[in-house]
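Here are the chains, one letter per residue:
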Amino acid sequence: VREAVIELANDGLVEIDGRRGTFVAAFGPDTVRDHYELIGMLESFAVRRVAERRDPDVLARLRELEREANAAPDNLERKRVVIELLRTLNRAAGNTRLRMVMRAMSRFTPGDYYLTHVPDAVQDNRKTLRAMLDAIEAGDAERGALITVEMWRRTGERLIDHLRATDVFAAD
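Residues numbered from 1 in each chain as written. Predicted model: local features only at pLDDT ≥ 70, side-chain atom pairs only at ≥ 80, totals over all residues. Heavy atoms only, no water.

Engineer: How would you sum up the packing of aromatic side chains? Please name residues and give values.
Structural biologist: A ring pair, where both rings are aromatic, is described by two values, the distance of the centres and the angle of the planes. Scanning all chains against the criterion turns up one aromatic pair. Considering the side-chain rings of Tyr 36 and Trp 152, the 6.0 Å spacing of their centres and the 25° angle between planes classify their relative orientation as stacked. A residue pair is termed long-range when its members are at least 10 positions apart, and Tyr 36 in helix 2 (residues 29-53) and Trp 152 in helix 8 (residues 141-165) qualify at 116 residues. Side by side, Tyr 36 and Trp 152 carry an identical accessibility label, which is buried. (Phe/Tyr/Trp six-rings, centres within 6.5 Å; stacked < 30°, edge-to-face > 60°. Helix = DSSP H or I, 4+ residues; strand = E, 2+ residues; numbered from the N terminus. Buried < 20%, exposed > 50% of the residue type's maximum accessible area, 1.4 Å probe, protein only.)

Below, the structure is given as structure tokens:
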């Protein structure tokens, strides 16, 4: 249990005060917003690298995964395939530090919740993945990066709106 609490503290989900105990860390819209903006920045790094390299095998695999995601019978399967698409993108960027940081960040990201509960999330995800992959195929690293940053920013804002609408977060 101690290791689990330490891991939660490392993830910023709890705060440990040696004299008073362990408490749930502050969690609100700014936490969610910052998290998704950071993911966007990190993912845009991978998109730039992959767009600059334009490896035909990687591009073919990304399009194959896009088709699989679009054909997924449910949101849980869509999430699984989209995660594999993003992993493929991150591996193709060729940066082990990026993969390590993204792995840690993804533990906070409720993809199937987002896809299931946030209105129009699946349609937006389809459209944005298509635009991102189009930019990568065209070798337009900057456009791909901008699409990626905006996708994750929009994801965070839409999730915040949903959490406010369901009274998880208080309205401003």
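From this point, things continue past the structure.
Engineer: Outline the pattern of salt bridges, listing residues and values.
Structural biologist: A side chain of one charge can pair with a side chain of the opposite charge if their charged atoms are brought near each other. Per the stated rule, a full pass over the model turns up 17 salt bridges. Here Arg 20 ties to Asp 17 by a salt bridge, and the two come within 3.9 Å at their closest N and O atoms. For Arg 20, a relative accessible area of 62% puts it in the exposed group. Arg 154 is the partner of Glu 150 in a salt bridge, and the nearest nitrogen-oxygen pair spans 3.6 Å. In this pair, Glu 150 and Arg 154 both sit in helix 8, four residues apart, roughly one turn of the helix. Overlapping salt bridges bring together Arg 63, Glu 66, Arg 130, Asp 134 and Glu 137 as one network. (Salt bridge = Lys/Arg side-chain N within 4 Å of Asp/Glu carboxyl O.)

Note that all results are geometric; they support no functional claim without further evidence.
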